[in-house]
Amino acid sequence: MAQVPGAGDGVAAWFAPSIAGRLEKAGLHTLADLAARINGVGSRWWTSVPGVGDRKAKRIVDWLRLYGSS
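In this report, the structure presented in the accompanying data block is examined. This structure is a prediction, so every number in the text was calculated from the model and none was measured. (Residues numbered from 1 in each chain as written. Predicted model: local features only at pLDDT ≥ 70, side-chain atom pairs only at ≥ 80, totals over all residues. Heavy atoms only, no water.)

## Description of the packing of aromatic side chains
For the structure shown, the criterion picks out 3 aromatic pairs. Consider the rings of Trp14 and Trp63, whose centres lie 5.8 Å apart with planes at 45°: the pair is tilted. Here Trp14, found in the segment before helix 1 (17–25), pairs with Trp63, found in helix 3 (residues 54–67); they are 49 residues apart in sequence, far enough to count as distant. You can call Trp63 buried: its relative accessible area is 17%. (Phe/Tyr/Trp six-rings, centres within 6.5 Å; stacked < 30°, edge-to-face > 60°. Helix = DSSP H or I, 4+ residues; strand = E, 2+ residues; numbered from the N terminus. Buried < 20%, exposed > 50% of the residue type's maximum accessible area, 1.4 Å probe, protein only.)

## Re helix 2 (residues 31–41)
An α-helical segment advances 3.6 residues per turn. Residues three or four places apart therefore align on the same side. Here helix 2 has its buried residues at Leu31, Leu34, Ala35 and Ile38. On an axial view of helix 2, the arc spanned by its buried residues comes to 95°, and they lie on one face. Across helix 2 from its buried face, at more than 90 degrees, point the exposed residues Gly40 and Val41. At its buried positions, helix 2 is contacted by helix 1 and helix 3. (Arc of directions from axis to C-beta. Contact = heavy atoms within 4.5 Å.)

## Side note on the environment of Pro50
Mapping Pro50 onto the fold places it in the loop between helix 2 and helix 3. Placed 13 residues apart in sequence, Pro50 and Arg37 show a C-alpha to C-alpha distance of 15 Å.

## Here's the deal with the pattern of salt bridges
In the structure shown here, the tally under the stated rule is 1 salt bridge. Lys58 serves as the salt-bridge partner of Asp62, at 2.8 Å between the closest nitrogen and oxygen. With Asp62 and Lys58 both in helix 3 and 4 residues apart, this pair spans about one turn of that helix. (Salt bridge = Lys/Arg side-chain N within 4 Å of Asp/Glu carboxyl O.)

## Section: the nonpolar core
In this structure, Phe15, Leu23, Leu34, Trp45 and Ile60 are the most contacted members of the largest nonpolar core, which totals 19 residues. Sorting the residues of this core by element identifies helix 1, helix 2 and helix 3 as the ones contributing at least two each. The element that contributes the greatest number of residues to this core is helix 3, accounting for 5 residues. Leave out the neighbours within four places in its chain, and Phe15 touches Ala20, Leu23, Leu31, Leu34, Ile60 and Trp63. (Core = buried A, V, L, I, M, F, W, Y, C linked by side-chain atoms within 4.5 Å.)

Here you go:
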């Protein structure tokens, strides 16, 4: 059975190293941190994450929605 992402999982476990590194530098270490930022800030959550633009941000949000973490 494939592993399902959990809120406490590190972003590095689920995202490419380049994206995970950018998220972690912005203080987003877990999927819960990421979901909280997205839900708290809204659609432009990514503006405080250098190297993540609107296209990458949309892919991240789509992935979180797929797994029900956001």
